[in-house]
Structures are given as C-alpha cells and as structure tokens.
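Each chain, written out:
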Amino acid sequence: GQGLDVNDMLSFADEALYSAKHEGGASFRFFDHRLQQSLRIRRDVERDLGLAMDSGAVVLWYQPIFTAAGQLHSFEALLRWLHPRHGWISPEKVVHAAAATGLAQRLLCHVLALVCAASRRLDALGLGHLPLAMNISPREMAHLDVDVLVLDALHAHGVSARRLQIEITEEVALDAENTQAKLARLSAAGVAIAIDDFGVGYSSLASLRGEHVRQVKIDRSFVFGLHESQDNRLLVGTILQMGRSLGIDVVAEGVEREEELAALRALHCPLMQGYHLCRPAPLDDILQRTQMQTGV
Ligand code: C2E
Ligand code: MG
Ligand code: MG
Ligand code: MG
C-alpha cells in the first residue's frame, strides 16, 4: 500500500523488526497499519517460498552478454518469483527469505539444478559453447559449502565445470580463508569466477589479487550516462586497461542507451550487458530473440 511495492514493504518489515529488537518497547509506536501489512507480506513470502520452489514458481530468467561486435557471448541467470498475491519478489528478497527460514541451501540447489538444466538445453540446441553465469550472495558463500554443492550439481547433471561462471561481490573475494578455499576449489575444477558490481566496494583492486578471478563486471553506476561524464569515461577506461594488463575479461553492466553503447565501443570495451541490448527473460524467449546471432 501507499506507494510502497512488495519489495519496499519487505525492507520496511525487516527494518521494523531490527529496530524492535534493538530499541525494545520504544518501537511499538511504529506499530501502525503499514507495519502490520508489511509483516503480513513477510510472513506470506517466508511461508510460501518452499512450496513455490517445489511447484516451479521460483525460476531463472536469462540475460545475454554480447561482444562489442554484437555476437552472443554468454548468459547470466537471474532469479524470478512471481508471488500469486504479492507480485514479483526481487531476487535479493528471495535469497533473504530463504536465509530467514532455513532454506538457503535448498534455494542454492534449486538454482543450480535450473542452471544445469538450461546448460543441457543449450547443448541440445548446439549452443554448448555459451557459458552460463549465476550469482552467489555473500551469505551463501560464507554459510554454505558452495564448492561442494556446485560441483555435486554439475556432476549429477553431467554439466562441465567449464560451462559455469559464478558471480560474487568484492567483499566476498576478500573474505575469510574459508571462502578463499571454496573459490580455489571451484576455480581449480574449471568454474570461472567473476567479480560483480565491480568498482563500488571498498577494495576493488584488492579483490583482484590471487589467481581466481576470470572476469569483472563494471557496476552499472559507472555505465550510466557514460557519454556525458568524463569522470565515468576515465574510470571505465582505467578498469578496461587494468583488465587487459591482468588478462581479466571486462563486462559493462547496465547498458540502457545507444549513447552509452557507443561510448563503450569507443573505449574498446569487449563485453556488454543491459536493457538496451536485451532485457532478462525466460530462456525460450531469449533464444527466440537472439536467433539472428545463433542461427538456431
Ligand atoms: P546483478 O548480479 O548485478 O544482476 C544485474 C541486475 O541488473 C539484474 O537485476 C538485472 O535484471 C539488472 N539489469 C540488467 N540490465 C540492466 C540495465 O540496463 N539497467 C538496469 N537498471 N538494470 C539492469 P535483478 O534480476 O533484479 O537482480 C538483482 C540482484 O540480485 C543481482 O544483481 C544479483 O546480485 C542478485 N541475484 C539475482 N539472481 C540471484 C540468484 O540466483 N542468487 C543470488 N544469490 N543472487 C541473485
Ligand atoms: Mg550478477
Ligand atoms: Mg552486477
Ligand atoms: Mg548487483
């Protein structure tokens, strides 16, 4: 209600619960209609997630990544859940709800199974050379045996580790030894590691140390209005130069306009992703839309 969408309401519920816990009785003054409604939505979402996974309502959409020349390069899998009563729940909220209800591992396994099925599907269509990327949250990386779960899923579905890329954020790449070991095992098995939202964390450069990073994805805040911002052009140019020096692929995320695309081409950006090129959609739709490039 009142101009807040379901994802805002979920944030509102989390904040209210957090302050109730930390400020005790004082926060009862916030116990208004909106709070009640947001808590109800949160309860519904948490209650329905398990069943939604079983019934196939929690799905992956795919967004293609293209080369500068417009060739299809790879796909990123993005979580989607259309809740029957509350509408589209954002992937971050789905991951959060899973963690809050003890379903984190089940959600990761669900995503892995879907990614593996998509990979097999691409194989069958003669598109077995196109890699698939999936996202892993900082919490999943820290709390789950991500390396074991990923490699088991690939094995169970007969998918080569070389087909898969995992996207993590800068803070994850710098996380505890425990996380480093998981990344090292995945990397050794052939899974590519990408740093997502590159440039907005506190330690962008440090996150590239070590031999595991295959790709960086420039955060879309640097791509936004690139053609109008000398600062952003310098920053993106520097990241591209760094990628070339280190032998790391660089993707520009969030390309929304023709002018941004042109500016990226002028900077010799090799790989691009964004609404202007193709919006995320179910795999079948994406394959239809990209028919020209793939010749399927
Ligand atoms: P991300 O990995 O940085 O993914 C890119 C996000 O930007 C996606 O949002 C995508 O739909 C959106 N996007 C793509 N092109 C454009 C554009 O041109 N302009 C703008 N404004 N946005 C664009 P989405 O699907 O809502 O996902 C949000 C985040 O949720 C992802 O950010 C990723 O961190 C996380 N996520 C998505 N799927 C999963 C998943 O299966 N597991 C986990 N743990 N996290 C996921
Ligand atoms: Mg990503
Ligand atoms: Mg990103
Ligand atoms: Mg992101």
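Data block above holds the structure.
Position numbers for residues start from 1 in each chain and track the written sequence from start to end. Going through the entries in the order they are written, you letter the chains from A and number the ligands from 1. For this predicted model, a pLDDT threshold of at least 70 governs which residues receive local features, and a threshold of 80 or more governs which side-chain atom pairs are given and counted, while totals over whole chains, interfaces and linings are taken from all residues. Side-chain calculation: all heavy atoms of the structure are included, whereas hydrogens and water are not.

## Side note on the site of ligand 1
A molecule or strand has a residue near it when one of that residue's heavy atoms lies within 4 Å. Neighbouring residues of ligand 1: 23 residues in total, closest R80, N135, D196, E256 and Y275. N or O atoms within 3.5 Å of each other form a polar contact, as long as, within protein, one can give a hydrogen and the other can take it, and as long as residues adjacent in sequence are counted only when both atoms are side-chain atoms. Here a nitrogen atom of ligand 1 sits 3.1 Å away from a polar atom, N or O, in the side chain of Q63. What sets the accessible areas is the Shrake-Rupley method with a 1.4 Å probe; for residues, cover comes only from the shown protein chains. If ligand 1 stood free it would expose 800 Å²; the protein chains cover 85% of that surface. The helix count covers DSSP runs of H or I at least four residues long, the strand count covers runs of E at least two residues long, and both are numbered beginning at the N terminus. Sorting the residues of the shell around ligand 1 by element identifies β2 (72-83), α3 (91-100) and β6 (192-198) as the ones contributing at least two each. Broken down by element, the residue count for the shell around ligand 1 peaks at four residues, all from β2. The class makeup of the residues in the shell around ligand 1 is eight nonpolar, five polar and 10 charged. In the scheme used here, Gly and all other residues not listed as nonpolar or charged are polar, with Ala, Val, Leu, Ile, Met, Phe, Trp, Tyr, Cys and Pro taken as nonpolar and Asp, Glu, Lys and Arg as charged.

## Concerning the packing of aromatic side chains
Aromatic pairs are defined between Phe, Tyr and Trp rings, using the six-membered ring for Trp, whenever the two ring centres lie within 6.5 Å; interplanar angles under 30 degrees are classed as stacked, those over 60 as edge-to-face, and all others as tilted. Scanning the entire structure with this criterion turns up one aromatic pair. A centroid spacing of 5.3 Å and a plane angle of 65° characterise the contact between W61 and W88, whose relative ring orientation is edge-to-face. With W61 in strand β1 (residues 58-67) and W88 in strand β3 (residues 87-89), the pair connects residues that are 27 residues apart, well separated along the chain. Here's how the labels work: a residue is buried when its accessible area is under 20% of the maximum for its type, exposed when over 50%, partly exposed in between, all with a 1.4 Å probe on protein chains only. Taking relative accessible area as the criterion, W61 reaches 23% and is therefore assigned partly exposed. Note on W88: relative accessible area 41%, which makes it partly exposed. As a reminder, the over-ring test applies to NZ of lysine and CZ of arginine, requiring each to be within 6 Å of the ring centre and within 35 degrees of the ring normal. The aromatic ring of F12 is capped on one face by R34, whose charged end is 5.8 Å from the ring centroid.

## Concerning helix α6 (residues 146-156)
All of the buried residues along α6 are V146, D147, L149, V150, A153 and L154. The positive-phi residue at the C-terminal boundary of α6 is G158, with phi of around 65°.

## Notes on the packing of α6 against helix α8 (residues 177-189)
Across the interface, α6 lies against α8 with an axial gap of 8 Å and an inter-helix angle of 25°. The angle between α6 and α8 places the two elements in the roughly parallel class. Across from V146, D147, V150 and L151 in α6, the residues of α8 making contact are K182, R185, L186 and A189. Tallied by class, the residues present in the contact of α6 with α8 amount to five nonpolar, no polar and three charged. Fitting a line to C-alpha atoms yields each axis, with helices limited to the stretch in contact; the angle taken between N-to-C directions then spans 0 to 180 degrees. Small angles under 35 degrees read as roughly parallel and large ones over 145 as roughly antiparallel, with 65 to 115 read as roughly perpendicular and the rest as oblique. Note on definitions: a residue-residue contact is assigned when non-hydrogen atoms from the two residues lie within 4.5 Å.

## Comments concerning the coordination of the magnesium ion (ligand 2)
Any nitrogen, oxygen or sulfur atom within 2.8 Å of a metal ion counts as a donor, with the limit raised to 3.2 Å for Na, K and Ca, and since water is left out, coordination shells can look unfinished. Protein ligation of the magnesium ion (ligand 2) involves E76 (OE), N135 (OD1), E167 (OE) and D196 (OD), the donor distances falling in the range 1.9 to 2.2 Å. One chain supplies every donor to the magnesium ion (ligand 2), and in sequence these donors are spaced E-x58-N-x31-E-x28-D. Separating the magnesium ion (ligand 2) from the magnesium ion (ligand 3) is a gap of 4.2 Å, which D196 spans by donating to each of them. One end of the pair, E76, is in strand β2; the other, D196, is in strand β6, and 120 residues separate them in sequence. Just as E76 is buried, D196 falls in that class too.

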